[in-house]
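Fold and contact review
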Amino acid sequence: YVVEGAAPDNVIDKALPFYVTIPFPSANGAVVTWLYDVHVYPKNAIADKPVKTIADRPNSVVIGSNVTWTITQKIPTLSSTAASFTDAKVEDTLDPRLTYVSSTVNIVPTPTAPKLDLVAEDFTFTSVSGQLTWTLSSTGLEKLKDNQDSSLVVSVVTTVNDVASGELTPGKIANAATVTINKKPGVAPPSYTN
């Protein structure tokens, strides 16, 4: 009886326990042999790292310009129909030179399929000192389960309010994001605009 123990950080749902019989019969043509070295490959639900991009990278951002950042997280496939998503949140710490304007949260099945807008009861949004957080509710988590292997997409519109700030690189504004699913955080590499 095999139960998975430790798993890599990107495993959000471990494989279900299973049985292995040893020795295991193996046929090679008419000859049947017994295998004593059995290899198993558990099917874990793995969360890829999120991706953060700029929807439209202006050639010359000036003070007052709007910049839209898009955070995309592929929704993992759970190990069974009995498994579920216990929590999910998207966090974005804005560069101090950016001001939050608005955001949308969607599930996109495929690049060509229509997106599913998440509504007010599907998540809560907080903004504290430039720390933006979208936390999915039980209805939002159910929509994730119903749309496994699709993408959770958060689009964030910000306004540039400065081009230089202390020790930050003048004129280069970076932004990263973290997506946590089932208590497993994944960090998107920062994207930037000039």
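This section reports on the structure supplied with the text. (Residues numbered from 1 in each chain as written. Predicted model: local features only at pLDDT ≥ 70, side-chain atom pairs only at ≥ 80, totals over all residues. Heavy atoms only, no water.)

**Regarding the packing of aromatic side chains**
Per the counting criterion, the structure on display carries three aromatic pairs. With a centroid separation of 5.2 Å and 40° between ring planes, the pair formed by Phe125 and Trp134 is classed as tilted. In this structure Phe125 comes out as partly exposed when scored by relative accessible area, which is 30%. Look at Trp134 and you get buried, because its relative accessible area is 1%. Ring-pair connections join several aromatic residues into one group, and the members of that group are Tyr100, Phe125 and Trp134. (Phe/Tyr/Trp six-rings, centres within 6.5 Å; stacked < 30°, edge-to-face > 60°. Buried < 20%, exposed > 50% of the residue type's maximum accessible area, 1.4 Å probe, protein only.)

**Topic: the sheet that holds strand S12 (residues 151-160)**
With respect to topology, five strands assemble into an open sheet ordered S5-S6-S12-S8-S9, the strand pairing being antiparallel. Edge strands, defined here as strands with exactly one partner in the open sheet, are strand S5 (51-54) and strand S9 (116-117). Alignment of strand S8 (residues 98-108) against S9, held across two bridges, turns out to be antiparallel. Looking at S9, one finds that Asn106 is bridged to Asp117. (Pairing = 2+ DSSP bridges. Helix = DSSP H or I, 4+ residues; strand = E, 2+ residues; numbered from the N terminus.)

**Points about the pairing of strand S13 (residues 173-181)**
Consecutive residues of a regular strand have side chains that alternate between opposite faces of the sheet. With four bridges joining them, strand S7 (residues 88-93) and S13 adopt antiparallel strand pairing. When the sheet's bridge partners are listed, Glu91 is paired in S13 with Thr178. Here S13 runs beside strand S14 (residues 184-193); their pairing, made up of eight bridges, is antiparallel. Paired with Ile173 across the strands is Thr193, a residue of S14. Between S13 and S14, which pair antiparallel in sequence order, lie two residues; one of them, Asn182, sits at a positive phi of approximately 50°.

**So, the environment of Asn147**
Mapped onto the elements of the fold, Asn147 is located in the loop between helix H1 (138-146) and S12. Separated by 119 residues in the primary sequence, Asn147 and Asn28 have C-alpha atoms spaced 42 Å apart. The residues touching Asn147, leaving out its near neighbours within four places in the chain, are Ile75, Ile107 and Leu116. (Contact = heavy atoms within 4.5 Å.)

**Some words on the nonpolar core**
In this structure, Phe85, Trp134, Leu144 and Leu152 are the most contacted members of the largest nonpolar core, which totals 32 residues. Mapped onto this core, the elements with two or more residues apiece are strand S6 (66-74), S7, S8, strand S11 (131-136), H1, S12 and S13. Every residue in contact with Phe85, bar those within four places of it in the chain, is listed here: Ile12, Ile75, Pro76, Leu78, Leu141, Leu144, Lys145, Gln148, Ile181 and Asn182. (Core = buried A, V, L, I, M, F, W, Y, C linked by side-chain atoms within 4.5 Å.)

**A few points about the sheet that holds S14**
If you walk across this open sheet you meet the five strands as S10-S11-S7-S13-S14, and the pairing is antiparallel. Of all strands in the sheet, those bounded by a partner on one side alone are strand S10 (123-128) and S14. Averaged over all neighbouring strand pairs, the angle between strand axes comes to 15°, with direction disregarded. On the sheet, H1 packs against S7 and S11 and is oriented at approximately 70° with respect to S11. (Axes fitted to C-alpha atoms, helices over the stretch in contact; angles between N-to-C directions.)

**Some remarks on the pattern of salt bridges**
Counted under the stated rule, the structure contains five salt bridges. In this structure, the salt-bridge partner of Lys89 is Glu91, at a minimum N-O distance of 3.9 Å. On the basis of relative accessible area, Lys89 is assigned to the partly exposed category, the value being 31%. The partly exposed category is assigned to Glu91, whose relative accessible area is 22%. Between Lys143 and Asp122 there is a salt bridge, with its nearest N and O atoms 2.6 Å apart. Taken as a pair, Lys143 in helix H1 and Asp122 in the loop between S9 and S10 lie far apart in primary sequence, 21 residues in all. For Asp122, a relative accessible area of 1% puts it in the buried group. (Salt bridge = Lys/Arg side-chain N within 4 Å of Asp/Glu carboxyl O.)

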